[in-house]
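The chain contents come next:
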Amino acid sequence: MKSGLLPELAKATHAMYLREHDKVKGILKEEAALRQRLAQLDEHARAARETESTAGSMRAIGADILWQAWEERTRRALNMELARVMARKLAAMDRVRAAFGRNTAVANLLRAEKEKRRFRELKKFETGLLDR
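Residues numbered from 1 in each chain as written. Predicted model: local features only at pLDDT ≥ 70, side-chain atom pairs only at ≥ 80, totals over all residues. Heavy atoms only, no water.

Novice: Would you mind showing me how to read the overall build of the protein chain here?
Specialist: Counting its regular elements, the protein chain contains 3 helices and 0 strands. If you list the helices and strands of the protein chain from N to C, you get α-α-α. For the protein chain, the residues scored as buried account for 20% of the 132 residues in total. Counted over contacts in the protein chain with a minimum sequence separation of 6, partners at least 24 positions apart contribute 88%. Accessible surface, the protein chain as shown: approximately 10000 Å² in total, 61% of it carbon and sulfur. (Helix = DSSP H or I, 4+ residues; strand = E, 2+ residues; numbered from the N terminus. Buried < 20%, exposed > 50% of the residue type's maximum accessible area, 1.4 Å probe, protein only. Contact = heavy atoms within 4.5 Å. Areas by Shrake-Rupley, 256 points an atom, 1.4 Å probe, with all protein chains shown as cover.)

What follows is the structure, given as structure tokens:
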């Protein structure tokens, strides 16, 4: 590979890595929001269970059954959405790992090329000193 192309390739692979990393950050935000909504639902359910013993009127009109049905539907929907987000996260993490690997490999090639160039320049310098 031509050494002039290596810096451009390094920039491109780094940009690809950053793009994939940004995608994962968005998915992580979605995951955190869903987990927070599930935690809020847990808190509401706990509070409802605590007040259930004192609120006999809710039971008398059937509101407690409606609440439980709503809670179960909401929890199921949130968990299904969380599962979809987690699947997307796993796929995105695989892409980030691959992009990171390419970025690291190209960076190592670039570093090795720079070392070779320095070594050749040092040899030229030493040869020039010995010829005097």
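Still more ground to cover, so stick around.
Novice: Is there a simple way to explain the pattern of salt bridges in this structure?
Specialist: Between side chains of opposite charge, a pair can form as their charged atoms come close. Within this structure, the stated rule accounts for 15 salt bridges. A salt bridge links Glu 71 to Arg 75; its shortest N-O distance comes to 3.0 Å. Of this pair, Glu 71 and Arg 75 both sit in helix H3 (residues 63-131), separated by 4 residues, roughly a single helical turn. Its relative accessible area of 23% is what places Arg 75 among the partly exposed residues. Across the pair Arg 97 and Asp 94 runs a salt bridge, and its minimum N-O distance is 2.8 Å. Note that Arg 97 and Asp 94 are positioned in helix H3 at a spacing of 3 residues, about one turn of the helix. By relative accessible area, which is 52% here, Arg 97 ends up exposed. A residue is classified by how much of its surface remains accessible, and Asp 94, at 48% relative accessible area, is partly exposed. A single network of salt bridges, built from pairs that share partners, joins Arg 19, Glu 20, Lys 23 and Arg 95. (Salt bridge = Lys/Arg side-chain N within 4 Å of Asp/Glu carboxyl O.)

By themselves, these observations are geometric and do not establish any function.
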